[in-house]
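Listed below, chain by chain, are the residues.
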Amino acid sequence: MALFLFFLAPMSSVGIGIRDTNTVFSKKPKPEVWKQLKRLNKPALKTIESPDGDIIDCVDIYNQPAFDHPLLKNHTIKMRPSSYPEGFSFDESNDISSNSKPEITQPWHLNGSCPEGTIPIRRTKEKDLLRAYYGKKKLSTIQDETDTSIHEYCQISEEGDTYHGLNAEINVWNPAVMAEDEFSLAQFWIAGVDDIDTVIDTIEAGIMVYHDNYHDYETHIFIFWTSDGYRSTGCYNLECPGFVQVDHRIAVGASVAPYSVYGGEQRSLNFLIFKDDFDGNWWLYLAHKYLLGYWPASLFSIMAGSATYVSWGGEVTNTQIGGQHTTTQMGSGHFAEEGTARASYFQNLEVIDAQLVRRGPRNIVTSVTKPNCYNLVNHENSFYFGGPGRSLQCP
């Protein structure tokens, strides 16, 4: 039987709800929170106030949070990979695909830029830090059709090979989210699964709307990782040490703009994750032009070698307020059948298998949790997905 892996989201959205999560948060001593805030918010060489309310600190690249990780104390920054996937070009000046698509930017760019030799870091606030402590994702491995969680998915996946990376172009929308503790996202997963079908390592990235994490209803770029099945390691963005950023232009966790328009111009972001076979680091290349940074191989166990599972798709949380299904949208908020310029898409799906790039996954498994609420239409190396949530067909 195929393995269905559902990656569940922060505990703030699980089970008995946000009220009890806040009760847990209140038990964290204030002095300890302040100490950690001081550790995370490194001294800035320059500070930029974003129009959307974020504060972006330009931090010396050698003073970034990654190096607080005990495994990275003596880590030497790699500014570029030593090896690349076959068939990919990283010459920005010759990248036709990046020049042919409308530019995606971040609002803070309107008010300044970080100099080379620094990285932009979205300043951590107290609420952000509490999410980092207690907002760990949770994993459920399901081999039947029963899913009693509040997480709903439209995703395709492949397993059974050795994976060195993947590519995906994700359509950028701003889905409406019903409640502060619900979210809507589109992302990829690349994971290391052990012999008893338990996820141990993951690297994830994409775009999401999540008020409890970002304090607004805008769409944000995010990254996530774990090395013990979400139990005690990993976090969103740079909220804990691990990811080594080298690019000075993109702030992970910050919002993106503009969005796709229903029936009009479409915006998208390309995400490429690949393993440097020389030293085992996992690199993230964004929008065909930003070599954003990498997760050192030393963070992982299974994925210190290769991954065993890849997936792409959308996810929402449904907290079932009043016993009804949420109106939180997935993707554009429209069903997959509406197609071009109306439904959200993933396209240019590629899998890197032992450094050989192949177009489109094979032997795929399609997982749709609530087909009357959200659905998916698959093509050879792309798919449409999404939906409105609560409706006459989805009460």
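Residues numbered from 1 in each chain as written. Predicted model: local features only at pLDDT ≥ 70, side-chain atom pairs only at ≥ 80, totals over all residues. Heavy atoms only, no water.

Re the state of the cysteines
Point 1. Under the criterion given, the structure shown has 3 disulfides.
Point 2. Two residues, Cys58 and Cys114, share a disulfide whose sulfurs are 2.0 Å apart. On the sign convention where negative is left-handed, the bridge of Cys58 and Cys114, at about -80 degrees about the S-S bond, is left-handed. Here Cys58, found in strand E3 (residues 55-60), pairs with Cys114, found in the loop between helix H3 (96-99) and strand E4 (118-122); they are 56 residues apart in sequence, far enough to count as distant.
Point 3. Judged by relative accessible area, Cys58 falls into the buried class, the value being 0%.
Point 4. Through a disulfide, Cys235 is tied to Cys240; the S-S separation comes to 2.2 Å. Judged by the sign of its S-S torsion, about -90 degrees, the bond between Cys235 and Cys240 is left-handed.
Point 5. Among the residues examined, Cys235 registers a relative accessible area of 4% and is labelled buried.
Point 6. Taken N- to C-terminal, the disulfide-bonded cysteines of the protein chain are connected 1-2, 3-4, 5-6.
Point 7. Here Cys154 stays unpaired: no disulfide links it, and the sulfur of Cys373, its closest cysteine neighbor, is 9.4 Å away. (Disulfide = S-S within 2.5 Å. Helix = DSSP H or I, 4+ residues; strand = E, 2+ residues; numbered from the N terminus. Buried < 20%, exposed > 50% of the residue type's maximum accessible area, 1.4 Å probe, protein only.)

Overview of the packing of aromatic side chains
Point 1. This structure, assessed with the given rule, holds 13 aromatic pairs.
Point 2. Measuring from centroid to centroid gives 6.2 Å for Trp225 and Phe300, while their planes differ by 85 degrees, and the two rings are edge-to-face. Taken as a pair, Trp225 in strand E10 (residues 220-226) and Phe300 in the loop between strand E15 (290-295) and strand E16 (307-317) lie far apart in primary sequence, 75 residues in all. Accessibility assignment for this pair places Trp225 and Phe300 in one class, buried.
Point 3. Of the aromatic side chains, those joined through ring pairs into one cluster are Phe222, Phe224, Tyr230 and Tyr236.
Point 4. Over the ring of Tyr262 we find Arg342, and its NZ or CZ is 5.5 Å from the ring centre. (Phe/Tyr/Trp six-rings, centres within 6.5 Å; stacked < 30°, edge-to-face > 60°. Lys NZ or Arg CZ within 6 Å of the ring centre and 35° of its normal.)

What to know about the sheet that holds strand E19 (residues 365-368)
The strands making up a sheet associate through backbone hydrogen bonding, with each pair oriented either parallel or antiparallel.
Point 1. Pairing in this open sheet of 7 strands is antiparallel, and the strands run E11-E10-E9-E8-E16-E6-E19 from one edge to the other. Looking at which strands have only one partner, the edges of the open sheet turn out to be strand E11 (235-236) and E19. (Pairing = 2+ DSSP bridges.)

Concerning the pairing of E15
Point 1. Counting buried positions over the 6 residues of E15 gives 6, a clear majority of the element.
Point 2. Alignment of strand E12 (residues 244-245) against E15, held across 2 bridges, turns out to be antiparallel. Residue pairing for E15: Gln245 is matched across the bridge by Gly293.
Point 3. Across 5 bridges, strand E14 (residues 282-286) lies against E15 in antiparallel orientation. Across the sheet, the residue bridging to Trp283 is Tyr294, located in E15.

Details of the pattern of salt bridges
A side chain of one charge can pair with a side chain of the opposite charge if their charged atoms are brought near each other.
Point 1. Within this structure, the stated rule accounts for 12 salt bridges.
Point 2. With its nearest N and O atoms 3.9 Å apart, the salt bridge here joins Arg358 to Asp161. On the criterion of sequence distance, the pair formed by Arg358 in strand E18 (residues 356-359) and Asp161 in strand E6 (residues 151-163) is long-range, its members being 197 residues apart.
Point 3. The exposure class of Arg358 is buried, given its relative accessible area of 15%.
Point 4. Given the relative accessible area of 23%, Asp161 is considered partly exposed. (Salt bridge = Lys/Arg side-chain N within 4 Å of Asp/Glu carboxyl O.)

Thoughts on the nonpolar core
Point 1. Counting 68 residues, the largest nonpolar core has Phe188, Ile190, Leu269, Trp295 and Trp312 as the members making the most contacts within it.
Point 2. Excluding residues within four positions of it along the chain, Ile190 makes contact with Tyr163, Gly165, Leu166, Asp201, Thr202, Ile203, Ile273, Trp282, Met303, Ala307, Tyr309 and Val310. (Core = buried A, V, L, I, M, F, W, Y, C linked by side-chain atoms within 4.5 Å. Contact = heavy atoms within 4.5 Å.)

Focus: unusual backbone geometry
Point 1. For the bond from Ala257 to Pro258, the omega torsion is -10 degrees, close enough to zero to count as cis.
Point 2. Checked against the element boundaries, Pro258 lands in the loop between E12 and strand E13 (268-275).
Point 3. At Ala341, a residue that is not glycine, the phi angle is positive and equals roughly 70 degrees.
Point 4. Located in the positive-phi region is Asn348, a residue other than glycine, with phi close to 55 degrees.
Point 5. As for its placement among the helices and strands, Asn348 is situated in strand E17 (residues 344-353).

Observations regarding the sheet that holds strand E2 (residues 44-49)
Point 1. Taken in spatial order, the 3 strands make up an open sheet running E2-E3-E4, and their pairing is antiparallel. Pairing within the sheet leaves two strands with one partner each, and these edge strands are E2 and E4. Geometrically, the sheet is characterised by an average inter-axis angle of 25 degrees between neighbouring strands, direction not taken into account. (Axes fitted to C-alpha atoms, helices over the stretch in contact; angles between N-to-C directions.)

By themselves these figures say nothing about function.
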